[in-house]
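Descriptive analysis of the structure
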Amino acid sequence: MKIMVASDIHGSAYYCEKLVEAYRYSGAERLLLLGDILYHGPRNDLPVDYDPKKVIKMLNRISKEIICVKGNCDSEVDDMVLDFNVQADYALLFEGKRMIFATHGHEYNEKKLPHLKEGDIFLYGHTHVPVCTSLGRINIMNPGSVSIPKEDSWHGYMLIENGYYTWYDLEGNVRMRVG
């Protein structure tokens, strides 16, 4: 199964539209959102074309294809307007013998990892910075941010397919790949 992973849309209709276009073009079967969907948060500037209502419409059109975890900027009221659950603290996915623990990153992070086994993947957002590293034998990955990239990174997402993890910018350029 091909899965697109994205995080930190923060209500940007402009970048959400680019993400949905990339999702359709990629042929992915699911879109895994790692939180911070609608609200920009008090520590971030307003993203380009901040319009949570447009983001709601775009994502609700593909709601049956979305898996989502709760970010620190997401709230219970988001469940009232989005047609998919945004209240789960984490999601567990499996790729072969690897477990992928997907979360936003404000509760579990590189300094506070959940219980994982050798070869498992800790997948998180929150920092707005793409990451591909390991702690011991645990693989740690972050797709970066769709709308507010930090530390000179790019507006982007990841694709997971057949044991490969590929980071893309929203123009479709490959930025990193492991597998």
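Residues numbered from 1 in each chain as written. Predicted model: local features only at pLDDT ≥ 70, side-chain atom pairs only at ≥ 80, totals over all residues. Heavy atoms only, no water.

1. Some thoughts on the overall build of the protein
Within the protein, the regular secondary structure consists of 3 helices and 11 strands. Tracing the protein from N to C terminus, the helices and strands come up as β-α-β-α-β-α-β-β-β-β-β-β-β-β. The globule rule puts the C-alpha radius of gyration for 179 residues at 16 Å, and the 15 Å found for the protein is close to it. Its C-alpha atoms give the protein principal-axis dimensions of about 40 × 35 × 30 Å. Counted over contacts in the protein with a minimum sequence separation of 6, partners at least 24 positions apart contribute 53%. For the protein, the computed accessible surface area is about 9,000 Å², with 47% contributed by carbon and sulfur atoms. (Helix = DSSP H or I, 4+ residues; strand = E, 2+ residues; numbered from the N terminus. Rg over C-alpha atoms; globule rule 2.2 N^0.38 Å. Contact = heavy atoms within 4.5 Å. Areas by Shrake-Rupley, 256 points an atom, 1.4 Å probe, with all protein chains shown as cover.)

2. Brief notes about the packing of aromatic side chains
For the coordinates displayed, the defined rule picks out 6 aromatic pairs. Considering the side-chain rings of phenylalanine 101 and phenylalanine 122, the 6.2 Å spacing of their centres and the 20 degrees angle between planes classify their relative orientation as stacked. Pair noted here: phenylalanine 101 is in strand S5 (residues 98-103) and phenylalanine 122 is in strand S6 (residues 121-124), with a separation of 21 residues, a long-range link. According to the relative accessible area criterion, phenylalanine 101 is buried, its value standing at 6%. (Phe/Tyr/Trp six-rings, centres within 6.5 Å; stacked < 30°, edge-to-face > 60°. Buried < 20%, exposed > 50% of the residue type's maximum accessible area, 1.4 Å probe, protein only.)

3. Quick word on a nonpolar patch on the surface
A cluster of nonpolar side chains, Val77, Met80 and Val81, forms an exposed patch at the surface whose accessible area comes to about 300 Å². Within the element layout of this structure, valine 77 appears in the loop between strand S3 (66-68) and helix H3 (78-81). Taking the relative accessible area as the measure of exposure, valine 77 reaches 47% and is therefore partly exposed. (Patch = residues over 30% accessible without salt bridge, like charges linked within 9 Å, V, L, I, M, F, W, Y side chains within 5 Å. Salt bridge = Lys/Arg side-chain N within 4 Å of Asp/Glu carboxyl O.)

4. Quick look at the nonpolar core
One finds Met4, Leu19, Leu33, Leu59 and Tyr157 to be the most contacted residues of the largest nonpolar core, which totals 30 residues. Those elements that place two or more of their residues in this core are strand S1 (3-6), helix H1 (13-26), strand S2 (30-33), helix H2 (52-60), S3 and strand S9 (156-161). Other than its neighbours up to four places away in sequence, leucine 33 contacts Ala6, Ile9, Leu19, Leu59, Ile66, Ile67, Cys68, Val69 and Phe84. Ranked by size, the runner-up nonpolar core spans 17 residues in total, among them Val5, Leu34, Ile121 and Leu123. (Core = buried A, V, L, I, M, F, W, Y, C linked by side-chain atoms within 4.5 Å.)

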